[in-house]
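# Overview (structure and organization)
Here are the chains, one letter per residue:
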There are 4 protein chains.
Amino acid sequence: MFKEGDWLLIRYEDKKYLRRLDSKGSLNVKKDILKFSFLLNKPEGLRVGKFEVFKATLEDIILLGFRRKTQIIYPKDAFYIAFKLGIRKNTRVLEFGTGSGALCAVLSELAGEVHTYEVVEDFFKLAKSNFERFGLGKNVVFHLEDFLKAEIKNEFYDSAFVDVKDPIPFLDKLHRVLKNSAPVGFLLPTTNQVVDLLSNIKGLFGGIEVVEIFHRYYKTVPERFRPEDTMTAHTAYLVFCRKIYN
Amino acid sequence: MFKEGDWLLIRYEDKKYLRRLDSKGSLNVKKDILKFSFLLNKPEGLRVGKFEVFKATLEDIILLGFRRKTQIIYPKDAFYIAFKLGIRKNTRVLEFGTGSGALCAVLSELAGEVHTYEVVEDFFKLAKSNFERFGLGKNVVFHLEDFLKAEIKNEFYDSAFVDVKDPIPFLDKLHRVLKNSAPVGFLLPTTNQVVDLLSNIKGLFGGIEVVEIFHRYYKTVPERFRPEDTMTAHTAYLVFCRKIYN
Amino acid sequence: MFKEGDWLLIRYEDKKYLRRLDSKGSLNVKKDILKFSFLLNKPEGLRVGKFEVFKATLEDIILLGFRRKTQIIYPKDAFYIAFKLGIRKNTRVLEFGTGSGALCAVLSELAGEVHTYEVVEDFFKLAKSNFERFGLGKNVVFHLEDFLKAEIKNEFYDSAFVDVKDPIPFLDKLHRVLKNSAPVGFLLPTTNQVVDLLSNIKGLFGGIEVVEIFHRYYKTVPERFRPEDTMTAHTAYLVFCRKIYN
Amino acid sequence: MFKEGDWLLIRYEDKKYLRRLDSKGSLNVKKDILKFSFLLNKPEGLRVGKFEVFKATLEDIILLGFRRKTQIIYPKDAFYIAFKLGIRKNTRVLEFGTGSGALCAVLSELAGEVHTYEVVEDFFKLAKSNFERFGLGKNVVFHLEDFLKAEIKNEFYDSAFVDVKDPIPFLDKLHRVLKNSAPVGFLLPTTNQVVDLLSNIKGLFGGIEVVEIFHRYYKTVPERFRPEDTMTAHTAYLVFCRKIYN
């Protein structure tokens, strides 16, 4: 049942809205109005005129609710990353930098524990406020600290994800704090960054893969089934590898 | 540390091999040989000559180890599906048909409980043997039974995934056994099937999305960074939606 | 040398402008101004401050200069179509409907003769005015007429292109007016249309191919080489085949 | 009508064969046989049992008939290149290196005159023999010579295409022998090469575009309309630009 304070994903034709259920609130689209008081104690998954109302998923929250000052890690990439990192209930995962917290939110839903490092205070605050607003991340430890300066025991982490402009200076320490065979991912927007990483990584990490992910959406009218006109052509290159013992 | 019986992912140049650590075993590639006895009690993530040896991940096991008689659900799709279905530690998820068990294996890693239905006895046995061989799926209940005939309580499942040739006859029962607002996914190889589904689904489910996912891999030589020559162009269309209360 | 009346393609950073060289004219972008009088009798391919000025190509004219009331056939598709139709200097090619004339303009650059049919008077006028404005198509015969009613001799055309919502009613006549083995192309935005065509074409035409074409553009900054953020995901499905004698 | 010596494109189910019509010849596929004597003086575009027989197009000849020692320029890229270079009946176009002659064959079909340079004698001979075998290229001048050493007048060419591993040393001379505003294309398999070119080109050429082209083919069974399972993921990056006067 919907209740006061729930985060709602409201669809109206092709559009999506993320709203908090405030019983005094409402949503106006074109000539239609959805009064939120009507939703209270109604079953979730409700069709009201042209509106469809669901409980918001994590994907909805990240895409529509997270405030961002940087390029976000898109759910299409985040979902795949979490699996490539082998995230499970008992995994302790390292992330830096935090950015707006989008990947961190996905990791924290699945992992046992997430430690995330960020040196830019604005991002650190942004990510924390995104988490607080949506009640996320009880298992996340936020560090406003340079990963290079952080005191971390050897072989402390089960896996790691790195989203910084130049990951090269971090590779040695990253290698040290990971368990053997641990999976690592990197997000890099440009080919130059990937080339640099590939040139520097091979002594420390193996099983290297570089991949781009594309999602192509379709219009849902059955009589005229066809793809959407445009799509996201690029977010970033993803590099995955695993710690080599040495 | 590697130990007898571990499933290994061995890389040699661009090739991947899934092997069980049998201390009498070995792997020959070109003129190189890797004797498995050497691996015993060595740290995981080992480089031995041109070989790199890791503990196999679930992705490795599905892609290289699962026997199949049907088109497999690829990890690239399976990973995304699990997230779109909102699978978490306490989720009870429904799947039919089981097929070779690839998606089921991914769901079971994340969900609390998976119930999977299959009517073809050969597939049922295949999936079970895939799970047994790799020690997967303690939280999976396999049903050799037509989902339409199964006795299931109303609003029993948190989410569902459907991979059958013609999902239309199953829609009413599917709707009944799902909780309100529950996410559902369908995997359909042809546009004709998608058109049929879209034509029949709208009274029962809302928030419909249709998506294709592409993964494009790159060669990892930094001096000649470029995509692989070929890629998978199609596995299936994925349709996601959520139960509408009515 | 640039001269009065030339069609110019002007680039300024990532933007493109199509302008006619009117010696009294100018182009303002941000704080920069390009006076066209400066260009007169200067060599083509000129860099003036941040502006680059070229003679416009046919691609520039179609993309930036053609007025349209319908979905345009994009140059990426048009170029490929012309070649699949085997258009050469001595080819007599049939097209219907004319639409805004984009494909017709490409065909006419290469073919000996183009006959194009259009039943909607508004499109007929639009295409003609597009051609007149840019001085195109001396070898094009425009027909404001239903192709089905047109009097055309048997085996009159070397090749044909069809861009109408429902091509099925035209197939018999199309077959009759084409030479044996003649290549034919169809442009169809939806999968439903392709399915219909494939269901009806096989007695008359063979060697059938269905293809989608994607162009993915890159940012041209060498220090940060990466794809553009978005791309065109769909214009249309292209169907090619050849007349079967019967 | 088919006649002795014609190049045939024969289709049988999904397969394509390029054969010369030798009246003593035949083609066996599975249990079916097509005797070529049957084709003589029959209309082109013939269906004989499961066989479909057409006159071969240039695309068929390049893809199925050209012998190659290098990576070929694919028709999908070649067609687009010819148009981006603005090739018309009166164009004099420069190409180096010749390679196996695939692009040269496309250019020569459309241009007035093609001058192609190749330094490797094996490639030079290969391209010439490909052209002779299929009776192509009356308007092509083959040079077994280093483009850098060739004596060429200033502003001699209307456009040019460059397919060499490292185009940088050729840029100055290329610029000199082109007319102002002339379009130029480069084919480069790796991102490293593109980055190098972009770093060196900007003083001499403007209007730079970098693009990848993808073709995605579909199975043609109307009841199960869906893409082919695999596709070509990469042939090369195409760089287009135009000569800047300086």
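Treat the numbers as computed from the prediction; the structure is a model and nothing was measured.

### What to know about the overall build of chain A
Counting its secondary structure elements, chain A contains 6 helices and 14 strands. Dimensions of chain A along its principal axes, counting C-alpha atoms only, are 65 × 40 × 30 Å. Within chain A, the proportion of its 246 residues that are buried is 63%. Sequence separation of at least 24 residues holds for 62% of the intrachain contacts in chain A that already meet a minimum separation of 6. When the accessible surface of chain A is summed, it comes to about 9900 Å², and 49% of that surface belongs to carbon and sulfur atoms. Counting 39 positive and 32 negative side-chain charges, chain A places the centres of these two groups 4 Å from one another.

### Remarks on the sheet that holds strand E1 (residues 7–12) of chain D
Residues and elements named next belong to chain D. An order of E2-E1-E6-E5 is seen for the 4 strands of this open sheet, with the pairing classed as antiparallel. Edge positions in the sheet fall to strand E2 (15–20) and strand E5 (46–48), since each of these pairs with one other strand and no more. Each adjacent strand pair in this sheet contributes to an overall mean axis angle of 25°, direction not counted. Two elements, E1 and E2, share 6 bridges in a ladder whose sense is antiparallel. The residue bridging Arg11 from the neighbouring strand is Lys16, located in E2. Each of E1, E2 and strand E6 (51–55) is contacted by helix H1 (residues 58–65), which is oriented at about 95° to E2, the strand it contacts most.

### Thoughts on the interface of chain B and chain A
Between chain B and chain A, the contact holds 59 residues from the first and 58 residues from the second. For the pair chain B and chain A, the summed buried area comes to about 5500 Å², and 60% of that belongs to carbon and sulfur atoms. It is Phe83, Phe225 and Arg242 of chain B that lose the most area in chain B upon contact with chain A, and together they represent 12% of the buried surface on that side. Where chain B packs against chain A, one counts 8 salt bridges. The salt bridge partner of Lys16 of chain B is Glu209 of chain A, with a shortest N-O separation of 2.8 Å. Applying the counting criterion to the chain B and chain A interface returns 31 residue pairs in polar contact (both at pLDDT 80 or more).

### Digging into the side chain of His234 of chain D
Along the polypeptide, His234 of chain D turns up in the loop between strand E13 (230–232) and strand E14 (237–243). In this structure the side chain of His234 of chain D is engaged in a polar contact, spanning 2.8 Å, whose partner is the backbone oxygen of Pro189 of chain D. When near neighbours in sequence (up to four residues on either side) are disregarded, His234 of chain D contacts Arg216, Arg226, Pro227, Glu228 and Asp229 of chain B together with Pro189 and Glu212 of chain D.

### What to know about the packing of aromatic side chains
Scanning all chains against the criterion turns up 67 aromatic pairs over all chains. Here Tyr117 of chain A and Phe147 of chain A contribute two aromatic rings whose centre-to-centre distance is 5.9 Å and whose plane-to-plane angle is 70°, an arrangement assigned as edge-to-face. With Tyr117 of chain A in strand E8 (residues 113–118) and Phe147 of chain A in the loop between strand E9 (140–144) and strand E10 (159–162), this residue pair connects regions lying 30 residues apart in the sequence. Ring plane angle 90° and centroid distance 5.4 Å describe the contact between Tyr237 of chain A and Tyr218 of chain B, whose orientation is recorded as edge-to-face. One end of the pair, Tyr237 of chain A, is in strand E14 (residues 237–243); the other, Tyr218 of chain B, is in strand E12 (residues 205–218), on a second chain.

### Remarks on the relation of the copies chain C and chain D
Note on the copies: chain C fits chain D at an RMSD of 0.0 Å, the axial shift is 0.0 Å, and the rotation between them is 180°. In the structure described here, the two chain copies are related by an operation that fits a two-fold rotation axis. Judged by C-alpha distance, Phe214 of chain C is the residue of chain C that lies nearest the rotation axis, at 2.5 Å. The fraction of interface residues of chain C whose copies in chain D are also interface residues reaches 100%, indicating that both copies meet through the same surface.

### A word on the relation of the copies chain B and chain A
You can overlay chain B on chain A at an RMSD of 0.0 Å; the transform is a turn of 180° with a shift of 0.0 Å along its axis. A share of 98% of the interface residues of chain B reappears at the interface of chain A, consistent with the copies meeting face to face through the same patch.

### Some details on helix H6 (residues 191–201) of chain C
What sets the pattern is the α-helix's 3.6 residues per turn: residues three or four places apart point alike. In terms of burial, H6 of chain C is largely enclosed, as 8 of its 11 residues are buried. Regarding H6 of chain C, the residues found buried are Thr191, Asn192, Gln193, Val194, Val195, Leu197, Leu198 and Ile201 of chain C. Summarising the contacts, the buried residues of H6 of chain C are in contact with helix H6 (191–201) of chain B together with helix H5 (171–177), strand E11 (183–188), strand E12 (205–218) and strand E14 (237–243) of chain C.

### With respect to the environment of Phe123 of chain D
Residue and element names in this part refer to chain D. Looking at the element boundaries, Phe123 is found in helix H4 (residues 121–134). Under the relative-accessibility criterion, Phe123 is labelled buried at 18%. Taking the C-alpha atoms as reference points, Phe123 and Gly99, 24 residues apart in sequence, are found 5.4 Å from one another. Not counting chain neighbours up to four residues away, the residues in contact with Phe123 comprise Lys69, Thr70, Gly99 and Glu118.

### Looking at the interface of chain C and chain D
In this assembly, 59 residues from chain C lie in contact with 59 residues from chain D. Between chain C and chain D we count 9 salt bridges in total. Measuring nitrogen to oxygen at the nearest pair gives 2.6 Å for the salt bridge that ties Lys84 of chain D to Glu59 of chain C. Among the elements of the structure, strand E5 (46–48), strand E6 (51–55), helix H1 (58–65), helix H2 (75–84), helix H3 (102–110), H6, E12 and E14 of chain C are those that each provide at least two residues to the side of chain C that touches chain D.

### Points about helix H4 (residues 121–133) of chain C
Residues and elements named next belong to chain C. The terminal C-alpha atoms of H4 lie 18 Å apart, and with 13 residues this matches the ideal 18 Å at 1.5 Å per residue to within 8%. Looking at the buried positions of H4, the neighbouring elements they touch are H1, H3, strand E8 (113–118) and strand E9 (140–144). Downstream of H4 by a residue or two, Gly135 has a phi angle that is positive, lying close to 60°.

### With respect to the sheet that holds E6 of chain C
Residue and element names in this part refer to chain C. Here 4 strands make up an open sheet; going across it, the order is E2-E1-E6-E5 and the pairing antiparallel. The sheet is open, and its two edges are formed by strand E2 (15–20) and E5, each paired on a single side. Between one strand axis and the next, the sheet turns by 25° as a mean value, whatever way the strands run. Bridge count between strand E1 (residues 7–12) and E6: 5 bridges; the pairing is antiparallel. Bridge pairing in E6 places Tyr12 opposite Phe51.

### Considering unusual backbone geometry
The step from Phe96 of chain B to Gly97 of chain B runs through a cis peptide bond, and the omega angle for that step is -10°. Locating Gly97 of chain B in the fold gives a position in the loop between strand E7 (92–96) and helix H3 (102–110). Even without being a glycine, Glu13 of chain C presents a positive backbone phi close to 50°.

### A closer look at the domain arrangement of chain A
Residues and elements named next belong to chain A. When the domains of chain A are assigned, the result is domain 1 (7–56) and domain 2 (63–243). Computed over C-alpha atoms only, the centres of domain 1 and domain 2 are separated by 32 Å. Counting residues at the interface gives 6 residues for domain 1, matched by 4 residues for domain 2. Around 420 Å² of area is buried between domain 1 and domain 2 when both sides are counted, 70% of it from carbon and sulfur atoms.

### Notes on the packing of H6 of chain B against H6 of chain C
Where H6 of chain B contacts H6 of chain C, the two axes come as close as 10 Å, and the packing angle between them is 125°. When the axes of H6 of chain B and H6 of chain C are compared, the pair comes out oblique. Where H6 of chain B crosses over H6 of chain C, the handedness of that crossing is left-handed. Residue-level inspection shows Thr191, Asn192 and Val195 of chain B of H6 of chain B in contact with H6 of chain C, the latter providing Thr191, Asn192 and Val195 of chain C. Considering only residue class, the contact of H6 of chain B with H6 of chain C consists of 2 nonpolar, 4 polar and no charged.

What counts and how
Residues numbered from 1 in each chain as written. Chains lettered and ligands numbered in written order. Predicted model: local features only at pLDDT ≥ 70, side-chain atom pairs only at ≥ 80, totals over all residues. Heavy atoms only, no water. Helix = DSSP H or I, 4+ residues; strand = E, 2+ residues; numbered from the N terminus. Buried < 20%, exposed > 50% of the residue type's maximum accessible area, 1.4 Å probe, protein only. Contact = heavy atoms within 4.5 Å. Areas by Shrake-Rupley, 256 points an atom, 1.4 Å probe, with all protein chains shown as cover. Lys, Arg positive; Asp, Glu negative; His and termini not counted. Charge placed at Lys NZ, Arg CZ, Asp CG, Glu CD. Pairing = 2+ DSSP bridges. Axes fitted to C-alpha atoms, helices over the stretch in contact; angles between N-to-C directions. Buried area = accessible area lost by both parts, 1.4 Å probe. Salt bridge = Lys/Arg side-chain N within 4 Å of Asp/Glu carboxyl O. Polar contact = N/O pair within 3.5 Å; in protein donor to acceptor, adjacent residues only side chain to side chain. Phe/Tyr/Trp six-rings, centres within 6.5 Å; stacked < 30°, edge-to-face > 60°. Least-squares fit on C-alpha atoms with pLDDT ≥ 70 in both. Expected span 1.5 Å × (residues − 1). Domains from an automatic or database assignment. Parallel < 35°, antiparallel > 145°, perpendicular 65-115°, else oblique. Left-handed = near helix turned anticlockwise from the far one by under 90°. Nonpolar A, V, L, I, M, F, W, Y, C, P; charged D, E, K, R; others polar.

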